[in-house]
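Letter by letter, the chains look like this.
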Amino acid sequence: MHALVAFFDDEADKRVRDLQKRVGAKHKYPPHLTYAVASTIGPKVRKELREDLERLWMPDLYLHTLSTFSTSENVLMLAAVVDTELLAVHSAIHDVLASKVKNPSAYYLPGNWVPHCTLVHDVDDEAMKAAFAAVFPVEPIRAKVREVSIVDTQTGEIDVLKKASTAPR
């Protein structure tokens, strides 16, 4: 699987890792927000994404709401505040990906996407309650985007598409 993700600046990264440590989570990748997932995001599409991302300013992410996904694998997350800038970037990314990637995940498509950073996942109900209690209440985190990358979840390879914007904040 390939995931298109935004990794955070050092301060936000540390704050999320501290929360993950408090709930006993261990993650293979640094804290991030996922824009899209597909079985394959190939070289031609990556080139288009790089070009498109160069024209976009990546807005700061406000990880503001402690929440859960209660699906087959429980997820405790920090949901991002959804604003027009974040939706515009998400939409622009999916305009490039449309009909060009294999097996896109419906969870990340426009209209379905819940932008978030996972704190812990795949835990039973009791562990979920304990994790929530361990971090509640959570101070909001302003995360600046350090880079946008494709993560290959099979090999662990990270292909950087864009480094942080130098636009004024």
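Counting restarts for each chain: residues are numbered from 1 in the order of the written sequence. It should be noted that, the model being predicted, local features are given only for residues of pLDDT at least 70 and side-chain atom pairs only at 80 or more, the latter also being counted only at that level, while totals for whole chains, interfaces and linings use all residues. As a convention, hydrogens and water are excluded, and side-chain values are obtained from all of the structure's heavy atoms.

In the nomenclature of an unreviewed UniProt entry, the protein chain is known as 2'-5' RNA ligase superfamily protein of Lentzea pudingi.

## Topic: the sheet that holds strand E4 (residues 74-80)
Spatial strand order, E5-E4-E3-E6: 4 strands in an open sheet with antiparallel pairing. With one partner strand each, in any of the chains shown, strand E5 (116-123) and strand E6 (141-143) form the two edges of the open sheet. For this sheet, the mean angle separating the axes of adjacent strands, direction not counted, is 30 degrees. When DSSP finds two or more bridges between two strands, those strands count as paired. By the criteria applied, helices consist of DSSP H or I runs no shorter than four residues and strands consist of E runs no shorter than two, each listed in order from the N terminus. Relative to E6, strand E3 (residues 61-69) runs antiparallel, the two sharing 3 bridges. When the bridges of E6 are listed, leucine 61 appears paired with alanine 143. Only the stretch in contact is used when a helix axis is fitted, and all axes are lines through C-alpha atoms; the angle between N-to-C directions ranges over 0 to 180 degrees.

## A short note on the environment of phenylalanine 7
With respect to the element layout, phenylalanine 7 can be found in strand E1 (residues 2-8). Under the relative-accessibility criterion, phenylalanine 7 is labelled buried at 1%. Each C-alpha atom, one on phenylalanine 7 and one on aspartate 125, is 29 Å from the other, the two residues being 118 residues apart in sequence. By definition, residues are in contact when any of their heavy atoms lie within 4.5 Å. Filtering out sequence-adjacent residues up to four positions away, phenylalanine 7 remains in contact with Pro30, Pro31, His32, Lys144, Val145, Arg146, Glu147, Ser149, Val151 and Ile158. Accessibility here uses a 1.4 Å probe with only protein chains present; expressed as a share of the type maximum, an area under 20% marks a residue as buried, one over 50% as exposed, and anything in between as partly exposed.

## Observations concerning the pairing of E4
A large share of E4 lies buried, amounting to 7 of its 7 residues. In E4, alternate side chains face the same way, and those of Asn74, Leu76, Leu78 and Ala80 on one face and Val75, Met77 and Ala79 on the other are all buried. For E4 and E5, the ladder comprises 6 bridges, and the chain directions are antiparallel. Residue methionine 77 lies in a different strand from E5, and its bridge partner there is threonine 118.

## Observations regarding the pairing of strand E7 (residues 145-152)
The two faces of the sheet receive side chains in turn, since in a regular strand these alternate between them. When you tally the buried positions in E7, you get 7 out of 8 residues, the bulk of the element. In the sheet, E1 pairs with E7 via 7 bridges, with the strands oriented antiparallel. Across the sheet, the residue bridging to histidine 2 is aspartate 152, located in E7. Of the pairings in the sheet, the one linking E7 to strand E8 (residues 158-163) comprises 5 bridges and is antiparallel in character. Residue valine 151 lies in a different strand from E8, and its bridge partner there is isoleucine 158. Adjacent in sequence and paired antiparallel, E7 and E8 are bridged by 5 residues, among which glycine 156 carries a positive phi angle near 85 degrees.

## A look at helix H3 (residues 84-97)
For H3, which comprises 14 residues, the first-to-last C-alpha distance of 20 Å matches the rise-based estimate of 20 Å (1.5 Å per residue) to within 8%. Listed as buried for H3 are Leu86, Val89, His90, Ala92, Ile93, His94, Val96 and Leu97. Considering only its buried residues, H3 is in contact with E1, strand E2 (32-38), helix H2 (43-54), E3 and E4. Looking at the residues trailing H3, positive phi occurs at serine 99, about 65 degrees. The span expected for a helix works out to 1.5 Å for each residue beyond the first.

## Some details on the pattern of salt bridges
Side chains that differ in sign of charge can pair as their charged atoms come close. Each salt bridge in this description consists of a side-chain nitrogen of Lys or Arg and a carboxyl oxygen of Asp or Glu lying within 4 Å of one another. Per the counting criterion, the structure on display carries 11 salt bridges. A salt bridge links aspartate 159 to arginine 46, with the shortest nitrogen-to-oxygen separation between them at 2.9 Å. Taken together, the residues span a long stretch of sequence, with aspartate 159 in strand E8 and arginine 46 in helix H2 at a distance of 113 residues. With respect to burial, aspartate 159 and arginine 46 carry one shared label: buried. Notably, a salt bridge pairs lysine 100 with glutamate 48, separated by 2.7 Å at the nearest N-O pair. One end of the pair, lysine 100, is in the loop between H3 and E5; the other, glutamate 48, is in helix H2, and 52 residues separate them in sequence. Each of the salt bridges in this network shares a partner with another, and the network as a whole consists of Arg46, Arg50 and Asp159.

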